[in-house]
Structures are given as structure tokens and as C-alpha cells.
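Structural features, examined
So the chains spell out like this:
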Amino acid sequence: MGLRVDSINRQTSTAAGGPWNPGSPVHPLNYPYLMAFSLFGKRPADTDPETPPAEAPEPKLGFFDRMQDRMKQAVTRTRDTFSESISSVIALTREIDFAALDKLAAVLLSADIGSATTSRIIENLKQRALRQGIEGGAELRRLLKLELRAVLDRVAVPVRHPETPPEVIMMVGVNGTGKTTTSGKLAALFSAQGQSVLLCAADTFRAAAIEQLEVWASRSNVPIIKTKQGGDPSAALYDACAAARSRGTQVLIVDTAGRLHTKTDLMKELDKMRRTAEKLVPGAPHQTLLVMDATTGQNGLTQARLFTEAARVTGIVLTKLDGTAKGGIVLAIATELNLPVVYAGIGEKMEDILPFDSDSFVDSLLE
Ligand SMILES: Nc1nc2c(ncn2[C@@H]2O[C@H](COP(=O)(O)OP(=O)(O)OP(=O)(O)O)[C@@H](O)[C@H]2O)c(=O)[nH]1
Ligand SMILES: [Mg+2]
């Protein structure tokens, strides 16, 4: 079936989702950074051509900065350690030589950037040093930014949304990474962008998992389809897909139970859910987002690698970026999983989610 390729901007005309309800907890004013999306996306040509520019809300001054500020704040701990270490490497020498670059390699490794990515970046910088020389700290920072961006941009493919709704997004991952929280945040985010959203509580395994998603549904003013605890998650998903189709819902977000890739039965259950969704909605699930906890570092990465192999993951949501000094894991994810980070979780509140943007991330890391 046909797919519409969008930039990270999911904004559609408000006609599709109805007018804003000023009393709604997801009123766009509660998401001031949403209005900055069109400024923020890197592919302006890909924005929805059906959105008449005249009707697009005027971006107010400062919103772009606000989004950048939020990313900056989220990676404060990473930036502090990272920048401090880089400064100390640079302070040792005026001219950037191989010895300084080897020290820089140690800094990159300690920020969890990963050995493959680090080797590649340092090798490129050494080649550059041989060819043209690297004059000093400012030049090194500039070149390092380019290298980091290149790593992220290599895997940054535009999200492909289906032409016919609903778009089905499945949240998967190991226990406790933030799947339910992210499902709730995304429901609120898309809804604030004017899209109709349905949540599906397909974690029937953990006690209180359904109630937890219900709380998010009511917070974000989004309907939910559920079954009882212990029920078949595929049955809940079937009902949700049928409901989304008959209601003309634009986005169906499916919260699934935490599972380890080693639990064969549970991985088979994910497969069954995929097949169920596809029966009712062609091409579904359109996105399978692996939710990863940034604080688990390289361990999380090993788990994620095995998970992505088993579950046909299309992108990563990196949660708890606010709680780690090892935000460099974003780069290791790009190189080692060959997948883009599409959203970053930056706190526990409903608005604590950002569409991931490599420029903003790298700028925030290396001011
Ligand atoms: N600081 C911070 N905490 C987060 C973030 N995302 C989720 N959390 C917290 O992480 C904990 C686990 O979140 P859940 O959404 O329940 O995780 P889950 O993956 O659904 O867990 P299971 O369903 O048990 O596998 C909760 O305390 C969340 O508030 C984030 O971006 N930042
Ligand atoms: Mg959960």
C-alpha cells in the first residue's frame, strides 16, 4: 500500500482532529514547543502539502529556543562530564595531535558512545589532522560535531506514515523501560497536534498495567481499548484495530508487556500481535518502537540488539535521558543497531517527550 513520507513533523490540518478544546489538558498551549516543529524538522520539503500555510499557527518567537532548551536541559549531566573531559584534553596541548585524539577517544568511550563509533570518529579526525592539521580546541569541537552528526544522520530516515489511517504504532521492550509512560506521552503529543488517537492496553500480563495506561488515557483525554488482566493481548489489539478503523482514528498506540528477548513464548506473542494487526490494518504495525532506558547504557544496548533482531523494530524511543550522564548511547544505538532514535523521554511528566533531532542533540552536547 502507499505510504506518505513525512518529516518528523506529524502536524496535520486541525480539520482532521477537530478544533482545539481550550479546556483540554492537551491544548497546544501546554505544548508550546509543538509549534516549533516546522522550524525544527530538517526536511521542510516533506511537510504535509495539504496543510495550508495560511492556517498554520504563527510560530511565536522563542519556541524554537524552548525545544532546544529542553534538549539542553535533558542532556545536562552528559554535557557536563563530556565537555569537562574534552576541555581537559584540549588544555593539554595547543595543537591537536594524535596523542590528544587518543585521549579524546577515552572521553567518547566513557560517555558510552561505543567502541565502533569512537574508532570511526577518531580515525576520521586523525586523517583530517594528517591532511590539514587541527588548529585548536574550537576547531576540534567543530569537527567533532560534524562527525557526531554524520553518525546520527546516516540512520535518520523520515518516518513513513500510511496514506490510509489508522497508523498503528507498537511500543515494545524489556521491563520497566518506559513503554506505558511513553504511550501516554505520545497519545497526548499527537492529540495536541490535532490527530485522533486511540490507546490499546495490550499489556495484560503485569498487575495494574491496564489501570496505569487508563490513567494516561484520561490525562491525555484519549480513548482506550482494553481487556481484563490475563486476557489475550492479541484479542485486545484486534478490538482496538477494529475500533480505530470504524471510528476513523488516525493513530493507534499499542502498549505491550515488558519482555526479555530470551522468552520465546513472549516473543511469539509479539509476532501474533503483529499478524493480528496486519489482518485488520494493511501494513500494520507501521512503526514498532523499541523503548530503551538510557540509564542502562551498554547493557541495554546488548539487550536491544537481540530484541531488534526478533521484533522487526523500526525505531528507538530513548527514555530517561534526563537521568544519565551517558547520553552518548544515542550514537552507539545508531552505529550498532542501525536504527534512529525517534523520540527522547526527558522526564516523567506528560510533556516530557521530544521528537529526536540530531542537530539539537549534538548542539546540546557540545555547546
Ligand atoms: N526520569 C524519567 N523517568 C521515566 C521516563 N520514562 C519513564 N519513566 C519512569 O520509568 C518508570 C517505568 O515506566 P513504565 O512506563 O511503567 O515502564 P514500562 O516499560 O511500561 O514497564 P513494564 O510495563 O513493567 O515493562 C516509571 O517510574 C516512569 O515514570 C523518562 O523519560 N524520564
Ligand atoms: Mg508498561
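Now for a look at the structure at hand. Remember, it's a predicted structure, so these values are computed and weren't measured experimentally. Numbers given to residues run from 1 along each chain, matching the order in which its sequence is written. Ligands are numbered from 1 and chains lettered from A, in the order in which they are written. The model is predicted, so local features are restricted to residues of pLDDT at least 70 and side-chain atom pairs to those at 80 or more, both for listing and for counting; the totals for chains, interfaces and linings are taken over all residues. With hydrogens and water excluded, all non-hydrogen atoms of the structure serve as input to the side-chain values.

The subject of this paragraph is the sheet that holds strand E7 (residues 287-293). With mixed pairing, eight strands are arranged side by side in an open sheet as E5-E4-E6-E3-E7-E8-E9-E10. Two strands in the sheet have a free side with no partner beyond their single neighbour: strand E5 (224-225) and strand E10 (353-355). For two strands to pair, DSSP has to find at least two bridges joining them. Helix and strand definitions follow DSSP, with helices as H or I runs of at least four residues and strands as E runs of at least two, each counted in order from the N terminus. Both strand E3 (residues 167-172) and strand E6 (residues 251-256) contribute to a ladder of five bridges, which runs parallel. Bridging across to E6, Val168 finds its partner in Leu252. Residue contacts are defined here by distance: any two heavy atoms, one from each residue, within 4.5 Å place the two residues in contact. Comment: axis = line fitted to C-alpha atoms, over the contacting stretch for helices; angle = value between 0 and 180 degrees taken between N-to-C directions. Sheet strands in contact with helix H8 (residues 179-192) are E3, strand E4 (197-202), E6, E7, strand E8 (315-319), strand E9 (341-345) and E10, and its direction is about 170 degrees off that of E6. Against the sheet, helix H11 (residues 264-280) engages E3, E4, E6 and E7, with an angle of about 175 degrees to E3.

What follows deals with the packing of helix H4 (residues 76-91) against helix H5 (residues 98-110). Closest axis-to-axis distance for the H4/H5 pair is 9 Å, and the angle between their directions is 165 degrees. Comparing the axis directions of H4 and H5 gives the class roughly antiparallel. Crossing geometry of H4 relative to H5 is assigned as right-handed. Each of Phe82, Ser85, Ile86 and Val89 in H4 lies in contact with H5, whose residues at this interface are Ala100, Lys103, Leu104, Val107 and Leu108. Nonpolar residues are Ala, Val, Leu, Ile, Met, Phe, Trp, Tyr, Cys and Pro. Charged residues are Asp, Glu, Lys and Arg, and all others, Gly as well, are polar. Class assignment for the residues of the contact of H4 with H5 results in seven nonpolar, one polar and one charged. Orientation labels follow simple angle bins: below 35 degrees gives roughly parallel, above 145 gives roughly antiparallel, 65 to 115 gives roughly perpendicular, and whatever is left gives oblique. Here is the rule for handedness: rotate from the far helix to the near one, and if that takes an anticlockwise turn smaller than a right angle the crossing is left-handed, while a clockwise turn gives right-handed.

This brings us to the site of ligand 1. Lining the immediate surroundings of ligand 1 are 19 residues, of which Lys179, Thr180, Thr181, Asp322 and Glu348 lie closest. Contact distances for ligand 1 include 3.5 Å between an oxygen atom and a side-chain N or O atom of Lys185. Only the protein chains shown count as covering a residue, and every accessible area follows the Shrake-Rupley method with a 1.4 Å probe. Contact with the protein chains hides 81% of the accessible area of ligand 1, taken as 660 Å² for the molecule alone. No other element matches the four residues that H8 contributes to the shell around ligand 1. In the shell around ligand 1, the residues fall into one nonpolar, eleven polar and seven charged. Only a single heavy atom is needed: when it lies within 4 Å of a molecule or strand, its residue is near that molecule or strand. Here a polar contact is taken to be a pair of N or O atoms separated by no more than 3.5 Å, where protein atoms must pair a possible hydrogen donor with a possible acceptor and residues adjacent in sequence count only if both atoms sit in side chains.

Two rings from Phe, Tyr or Trp (for Trp, the six-membered ring) form a pair when their centres are within 6.5 Å of each other. A pair whose planes differ by under 30 degrees is stacked, one over 60 is edge-to-face, and the rest are tilted. A complete count under the given rule lists two aromatic pairs for this structure. The rule for a charge over a ring is simple: NZ of Lys or CZ of Arg within 6 Å of the ring centre, and within 35 degrees of the ring normal. Here the guanidinium or amino end of Lys126 rests over the ring plane of Phe98, the centre of that ring lying 5.1 Å away.

Our focus in this paragraph is the side chain of Thr319. Within the secondary structure layout, Thr319 lies in strand E8. Burial classification: accessible surface area is computed with a 1.4 Å probe over protein chains only, and a residue below 20% of its type maximum counts as buried, one above 50% as exposed, and the rest as partly exposed. Taking relative accessible area as the criterion, Thr319 reaches 5% and is therefore assigned buried. A polar atom in the side chain of Thr319 sits 2.6 Å from the backbone oxygen of Thr177.

Before going further, it helps to spend a moment on the nonpolar core. By nonpolar core we mean a set of buried residues, namely Ala, Val, Leu, Ile, Met, Phe, Trp, Tyr and Cys, connected to one another through side-chain atoms within 4.5 Å. Counting 80 residues, the largest nonpolar core has Leu125, Leu252 and Phe361 as its most contacted members. Filtering out sequence-adjacent residues up to four positions away, Phe361 remains in contact with Met71, Val75, Leu152, Leu321, Gly327, Val330, Leu331 and Phe356. Ala187, Val197, Ala217 and Val317 belong to the second largest nonpolar core, which has 22 residues in total.

Further remarks concern the pairing of E3. For E3, a buried count of six out of six residues is recorded, marking the element as mostly surrounded by other parts of the structure. Residues Glu167, Ile169 and Met171 of E3 are buried on one face, and the alternating residues Val168, Met170 and Val172, pointing to the opposite face, are buried as well. Bridge count between E3 and E7: four bridges; the pairing is parallel. Considered in E7, the bridge of Met170 is made with Thr288.

Moving on, we get to the pattern of salt bridges. Put simply, a salt bridge is a Lys or Arg side-chain nitrogen that is within 4 Å of an Asp or Glu carboxyl oxygen. Across all of its chains, the model carries twelve salt bridges by this definition. Taking the shortest distance from any N to any O, the salt bridge between Arg128 and Glu139 comes out at 3.2 Å. Here the residue Arg128 occupies a position in helix H6 (residues 115-131), and Glu139 occupies one in helix H7 (residues 137-155), the gap between them amounting to eleven residues. Since its relative accessible area comes to 18%, Arg128 is described here as buried. A salt bridge links Asp363 to Arg149; its shortest N-O distance comes to 2.7 Å. Linking Asp363 in helix H14 (residues 358-365) with Arg149 in helix H7, this pair joins segments that are 214 residues apart in sequence.

Here we come to the environment of Glu336. Relative to the helices and strands, Glu336 resides in helix H13 (residues 329-337). Here the alpha-carbon distance between Glu336 and Ala116, two residues 220 residues apart in the chain, equals 7.8 Å. If sequence neighbours within four positions are ignored, Glu336 has contacts with Gly114, Ser115, Ala116, Gln298, Leu301 and Arg305. For Glu336, the side chain forms a polar contact with the side chain of Arg305, separated by 3.1 Å.

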